[in-house]
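Structural description and commentary
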Amino acid sequence: MTYETLIVETRGNVGLVTLNRPQALNALNSTVLKELKVAYAGFHADETVGAIVLTGSERAFAAGADIKEMQALQFADIYKSDFISGWDDVAKARKPVIAAVSGFALGGGCELAMMCDFIIASETAKFGQPEITLGVIPGMGGSQRLTRAVGKAKAMDLILTGRMMDAAEAERSGLVSRVVAPERLLDEAFAAAEKIASLSRPSVLMAKEAVNRAFETTLEEGLRFERRLFHSLFATDDQKEGMAAFVEKRKPAFTHR
Ligand code: CAA
């Protein structure tokens, strides 16, 4: 597959996707969506890949959905085609995805970062949902995922004013897990992805499922779901190996990676 808008590589056990539309600050058009789905499907089919890093350029992770592509669209057409609903598939990636964000992550770009499992930001990162300044509102999950990530006060502030927040504010608010110097960004994201990829795959996938369930259900159901997953991991060789390795003071050699 030749990609027009992405650079897709595998480095060891980590899949790397780099958004690559520099002329448009990585604005997300329908080709990016189509290609990202293909890239993720390839990584999911590849047993050797245990985690994915999604990044952009130094200047922009992504400056939003492509305004030039959307500008002339009519309500009836976008409603009939359920425009941009395909991004839900991107958010449903089963393997862990880390967003490594430098520069602008605005509108759909911020929403794409929030579709990842966690965000590592460069000190230069700027997050925002500026759609209101275009006469629209977020459409790829911003009003829902940002509110869950940072709470009502900050989400309302950002979505109603369209202002940007810097990396320090994003970390304080709980949107990003770590902020690093720009030159450390990819190394930091890779180190985290490699660590995840070195662990037992069933436990990694279940951990992701369990955390995501917290956003979709009641506490009681979530606790039950977590406990059942926890129980089921005792059916794996890797639980025996992981615990034996701890007791024997050695590194575990997991089977399922
Ligand atoms: N769509 C299409 N093209 C975009 C774009 C976008 N979202 N963002 C930037 N570009 C293009 C610019 O049009 C410009 O192209 P030309 O050179 O052909 O004119 C190029 O990228 C560079 O951008 P600027 O010259 O504007 O760069 P800057 O440094 O002066 O400003 C910026 C950077 C503040 C990020 C500014 O580009 C900007 O405000 N971009 C739009 C941000 C935005 O509103 N995003 C939300 C989009 S709507 C959305 O995402 C809806 C949704 O939820 C689904």
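Residues numbered from 1 in each chain as written. Predicted model: local features only at pLDDT ≥ 70, side-chain atom pairs only at ≥ 80, totals over all residues. Heavy atoms only, no water.

In plain terms, the rule: UniProt positions are given in the numbering used here, feature names are shortened, and annotations may be inferred rather than shown by experiment.
As recorded by an unreviewed UniProt entry, the chain carries the name enoyl-CoA hydratase and is attributed to Rhizobium anhuiense. Turning to the chain, the UniProt annotation filed under Function (unreviewed entry) states: "Could possibly oxidize fatty acids using specific components." Reading the Sequence similarities (unreviewed entry) entry of the UniProt record for the chain gives the comment "Belongs to the enoyl-CoA hydratase/isomerase family."

**Description of the overall build of the chain**
Test applied: Here a helix means four or more residues in a row that DSSP labels H or I, a strand means two or more in a row labelled E, and each is numbered from the N terminus. Our radius of gyration is a C-alpha quantity, and the globule rule it is checked against amounts to 2.2 Å times the number of residues to the power 0.38. Accessible area is worked out with a 1.4 Å probe on protein chains only. A residue is then buried under 20% of its type maximum, exposed over 50%, and partly exposed in between. Contact between two residues is taken to exist if any of their heavy atoms lie within 4.5 Å; hydrogens are not considered. Using a 1.4 Å probe, accessible areas were evaluated by the Shrake-Rupley method; residue-level cover was limited to the displayed protein chains. Only four residue types enter the charge count, namely Lys and Arg as positive and Asp and Glu as negative; His and the chain termini do not. Charge positions are represented by NZ for Lys, CZ for Arg, CG for Asp and CD for Glu.
When you go through the chain residue by residue, the secondary structure sums to twelve helices and ten strands. Relative to the globule expectation of 18 Å for 257 residues, the C-alpha radius of gyration of the chain, 19 Å, shows essentially globular dimensions. Referenced to the eigenvectors of the C-alpha coordinate spread, the extents of the chain come out at roughly 60 × 45 × 40 Å. Counting across all 257 residues of the chain, residues that qualify as buried make up 43%. Restricting to contacts in the chain with at least 6 residues of sequence separation, those with at least 24 account for 68%. When the accessible surface of the chain is split by element, carbon and sulfur atoms take 57% of a total near 13800 Å². Each charge class in the chain can be summarised by its mean position, and for the 31 positive and 33 negative side chains these summaries are 3 Å apart.

**What to know about the domain arrangement of the chain**
The following threshold applies: The split of the chain into domains comes from an automatic or database domain assignment. In short, buried area is how much 1.4 Å probe accessible area vanishes from two parts on joining, totalled over both. Salt bridges are counted wherever a side-chain nitrogen of Lys or Arg sits within 4 Å of a carboxyl oxygen of Asp or Glu. What qualifies as a polar contact is a pair of N or O atoms within 3.5 Å, subject to a donor-acceptor requirement within protein and to the restriction that residues adjacent in sequence count only when both atoms come from side chains.
What the domain assignment reports for the chain is domain 1 (6-197) and domain 2 (200-248). Just the C-alpha atoms count here: the centres of domain 1 and domain 2 sit 27 Å apart. Counting residues at the interface gives twelve residues for domain 1 and seven residues for domain 2. Of the roughly 750 Å² buried at the junction of domain 1 and domain 2 (both faces included), carbon and sulfur atoms supply 48%. Three residues stand out in domain 1 for area buried against domain 2, namely Arg94, Asp117 and Arg148, and they jointly supply 50% of the buried area on that side. The interface formed by domain 1 and domain 2 holds one salt bridge in total. The tally of links from domain 1 across to domain 2 stands at five residue pairs in polar contact (both at pLDDT 80 or more).

**What about the confidence of the model for the chain?**
Quick reminder of the rule: The score called pLDDT rates the predictor's confidence residue by residue, from a low of 0 to a high of 100.
On average, residues of the chain score 98 in pLDDT, and 100% of them are at 70 or above. Here the predicted complex carries an ipTM of 0.98, next to a pTM of 0.98.

**Quick notes on the side chain of Thr5**
You can see Thr5 is positioned in the segment before strand 1 (6-11). In terms of polar contacts, Thr5 uses its side chain to reach the side chain of Glu35, at 2.7 Å. If near-sequence neighbours (up to four positions away) are discounted, Thr5 is found in contact with Thr18, Leu19, Asn20, Arg21, Asn29, Thr31, Val32 and Glu35.

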